[in-house]
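# Observations on chain architecture
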Amino acid sequence: QVQLVESGGGLVQAGGSLRLSCAASGRIFAINTMGWYRQAPGKQRELVARVDNVGIPNYVGSVKGRFTISRDNAKNTVYLQMNNLKPEDTAVYYCNADFRLAGGENYWGQGTQVTVSS
């Protein structure tokens, strides 16, 4: 089993910044992808950004140039630096850890609320 603990959400004005953190503990496979998804009210959960274990990132188009994903493998932690936030970024953000390529499972955090006021 793997546990994901998220932190860093909150309320910010448009144009502001927030940094999300997600620490994984438990049975961690070396080969994995960690990332962030979000779900706004009435919408489906969508990928925001993810990074594989060698540090190659992938972003959804709407956040490119504003968000940066990074990870610290020694701490099993993934970060999402969110700059120039917009009201449309408002959502619950979920941390994800995918170990399926290594024969493991896919895990989700409990979610953290990000609210951007205009």
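Scroll up to find the structure this text is about.
Everything numeric here is computed off the predicted structure, so don't read it as measured data.

Analysis parameters
Residues numbered from 1 in each chain as written. Predicted model: local features only at pLDDT ≥ 70, side-chain atom pairs only at ≥ 80, totals over all residues. Heavy atoms only, no water. Disulfide = S-S within 2.5 Å. Helix = DSSP H or I, 4+ residues; strand = E, 2+ residues; numbered from the N terminus. Buried < 20%, exposed > 50% of the residue type's maximum accessible area, 1.4 Å probe, protein only. Pairing = 2+ DSSP bridges. Salt bridge = Lys/Arg side-chain N within 4 Å of Asp/Glu carboxyl O. Lys, Arg positive; Asp, Glu negative; His and termini not counted. Polar contact = N/O pair within 3.5 Å; in protein donor to acceptor, adjacent residues only side chain to side chain. Contact = heavy atoms within 4.5 Å.

Within the structure shown, the criterion is met by 1 disulfide. Bridging C22 to C95, the disulfide has an S-S length of 2.0 Å. With the S-S dihedral at roughly -85°, the linkage between C22 and C95 falls on the left-handed side. With C22 in strand 3 (residues 18-26) and C95 in strand 9 (residues 91-98), this pair connects stretches of sequence that are 73 residues apart. C22 gets classed as buried once you look at its relative accessible area, which sits at 0%. C95 gets classed as buried once you look at its relative accessible area, which sits at 0%.

Moving on: the pairing of strand 3. Strand direction decides the pairing type here: strand 1 (residues 2-7) and strand 3, joined by 6 bridges, are antiparallel. Paired with E6 across the two strands is C22, which belongs to strand 3. Pairing of strand 3 with strand 8 (residues 77-82) involves 6 bridges; the strand directions are antiparallel. The residue bridging A23 from the neighbouring strand is T77, located in strand 8.

Attention now goes to the pattern of salt bridges. Pairs may arise between side chains of opposite charge once their charged atoms sit close together. As enumerated under the stated definition, the model contains 4 salt bridges in all. Among the ionic pairs, R38 bridges to E46, the shortest N-O distance being 2.7 Å. Here E46 falls in the partly exposed class, since its relative accessible area comes to 32%.

Okay, the side chain of E6 next. The topology assignment puts E6 in strand 1. Put simply, E6 is tucked away with no salt bridge, and the nearest opposite charge, on R45, sits 7.9 Å away. Among the polar contacts made by the side chain of E6, one reaches the main-chain amide nitrogen of C95 at a distance of 2.5 Å. Reaching out from E6, the side chain makes a polar contact with the backbone nitrogen of Q110 at a distance of 3.4 Å. If we ignore the near neighbours within four places in the chain, the residues touching E6 are S21, C22, W36, Y93, Y94, C95, G109, Q110, G111 and T112.

Functional significance is not addressed by these values, which are geometric in nature.
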